[in-house]
Amino acid sequence: MDGDMAENDPLCGRVGEIAVALRRLSDALDEGDELPELLQRLVGNIVKIVPDAGSAGVTLLRDGRLETEVCSTPLVYELDHAQFLAGAGPCLDAARSGRVVRADRAEMRRRWPQFWERAEQFGTASTLAAPLRIDDETAGSFNLYSEHDHGFDSLDETLVEVFTTAVETALRQARRGARARTEIAQLGRALQSRPTIDRAVGIVMAARGLTAEEAFAVLVRQSQHENVKLRDVAARLVARLAPACKPARPER
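Just so you know, these numbers come straight off a predicted model, no measurement behind them.

So, how was this worked out
- Residues numbered from 1 in each chain as written.
- Predicted model: local features only at pLDDT ≥ 70, side-chain atom pairs only at ≥ 80, totals over all residues.
- Heavy atoms only, no water.
- Helix = DSSP H or I, 4+ residues; strand = E, 2+ residues; numbered from the N terminus.
- Buried < 20%, exposed > 50% of the residue type's maximum accessible area, 1.4 Å probe, protein only.
- Contact = heavy atoms within 4.5 Å.
- Areas by Shrake-Rupley, 256 points an atom, 1.4 Å probe, with all protein chains shown as cover.
- Pairing = 2+ DSSP bridges.
- Axes fitted to C-alpha atoms, helices over the stretch in contact; angles between N-to-C directions.
- pLDDT = per-residue confidence, 0-100.
- Core = buried A, V, L, I, M, F, W, Y, C linked by side-chain atoms within 4.5 Å.
- Phe/Tyr/Trp six-rings, centres within 6.5 Å; stacked < 30°, edge-to-face > 60°.

Engineer: Give me the overall build of the protein: which residues, what numbers.
Structural biologist: A count of helices and strands for the protein gives ten helices and five strands. Burial analysis of the protein (252 residues in total) assigns 36% to the buried set. The long-range share in the protein, meaning contacts at least 24 apart out of those at least 6 apart in sequence, stands at 57%. For the protein, the computed accessible surface area is about 15,000 Å², with 50% contributed by carbon and sulfur atoms.

Engineer: Tell me about the sheet that holds strand E3 (residues 101-103), and please be specific about residues and values.
Structural biologist: Spatial ordering of the open sheet is given by E2-E1-E5-E4-E3, a layout of five strands whose pairing is antiparallel. What marks the edges here is a single partner per strand, and that holds for strand E2 (65-71) and E3. If you compare each strand with its neighbour and ignore which way they point, the axes differ by 20° on average. Bridge count for strand E1 (residues 55-62) against E2 is six bridges, and the pairing is antiparallel. Among the inter-strand pairings, arginine 62 is bridged to a residue of E2, identified as arginine 65.

Engineer: Lay out the confidence of the model for the protein with the relevant residues and their values.
Structural biologist: Here the protein averages 77 in pLDDT, while 72% of its residues score no lower than 70. Note on residues 1-8: pLDDT is under 50 here. Beyond four places in sequence and across chains, it has four contacts. Ignoring residues within four places in sequence, the model shows residues 245-252, a span with pLDDT below 50, making zero contacts including any to other chains.

Engineer: I'd like a description of the nonpolar core, backed by residues and values.
Structural biologist: By size, the foremost hydrophobic cluster in this structure holds 22 residues, and its most contacted members are Ile46, Val50, Val58, Phe142 and Leu144. Those elements that place two or more of their residues in this core are helix H3 (35-49), E1, strand E4 (126-133), strand E5 (139-146) and helix H8 (154-208). At five residues, H3 tops the list of elements feeding residues into this core. Membership of the second largest hydrophobic core comes to 14 residues, among which are Leu79, Val101, Met108 and Ala119.

Engineer: Give a detailed account of the environment of glutamate 69, specifying residues and quantitative values.
Structural biologist: Here glutamate 69 shows up in strand E2. Expressed as a C-alpha distance, the spacing of glutamate 69 and leucine 39, which sit 30 residues apart in the sequence, is 8.1 Å. Residues contacting glutamate 69, with those up to four places away along its chain left out, are Pro36, Leu39, Val58, Leu60 and Arg62.

Engineer: Pulling in residues and values, what's your account of the packing of aromatic side chains?
Structural biologist: Ring pairs (aromatic) are described by centroid distance and by the angle formed between their planes. In this structure the tally under the stated criterion is one aromatic pair. Between tryptophan 112 and phenylalanine 115, the aromatic rings sit 6.4 Å apart at their centres with planes inclined by 75°, giving edge-to-face as the arrangement. A relative accessible area of 4% places tryptophan 112 in the buried class. Looking at phenylalanine 115, the relative accessible area reads 0%, which means it is buried.

Engineer: Which residues make up the pairing of E1, and what are the values?
Structural biologist: A large share of E1 lies buried, amounting to six of its eight residues. One ladder, built from seven bridges, connects E1 with E5; its direction is antiparallel. By the bridge assignment, alanine 56 is partnered in E5 with leucine 144. Between E1 and E2, which pair antiparallel in sequence order, lie two residues; one of them, aspartate 63, sits at a positive phi of approximately 50°.

Structural data, given as structure tokens:
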């Protein structure tokens, strides 16, 4: 296909927009953006990619509860909330089944009558929801709403599915990177607190005539009993003994 044909082919144009959106996502990941900021960018992009999508949002499932994480317009909150109250709807079906859900007005009325009534009030005539699974703990759906009765077709469904699949991969990598940074920070704090813990162990050994293992176990039990971090228990013990260990100042 030559350049002129590509410019006049709407499919090529939309695929190109997906590529641009994914490049922007990659840049945002490099910048270290948090998950809500990343999802907000994606919602704004998907509305541009799917012509008849008047609004879009992301629903995430956490601790058994569904929540609207981000949205392009306040309408999304209303439509999602109607599904949460009814316990049924396109975004719930997509999140639970792991499959893309596409429905027009008649299909919504048949499958989710309570949600359909609310959608009618807000002039929403069709919907498209694609499952989104970031990791074992975070799942949900990418939701699009349209005021047109047949606002989404099979091509929209395929493009959104491709888009969300790529997004899932990118977000998983981002979450892994975030966890790795957290673990490194925790290790750094542990190494910084090690000398203090060693001093506290020595204090307990001298005071009670215990071995190093027994003294460490004493500190661990105290940490668990008080629900305080081990390094804080050690620091408190060292600080309490520090004034007694200071050499006397010579008299003038």
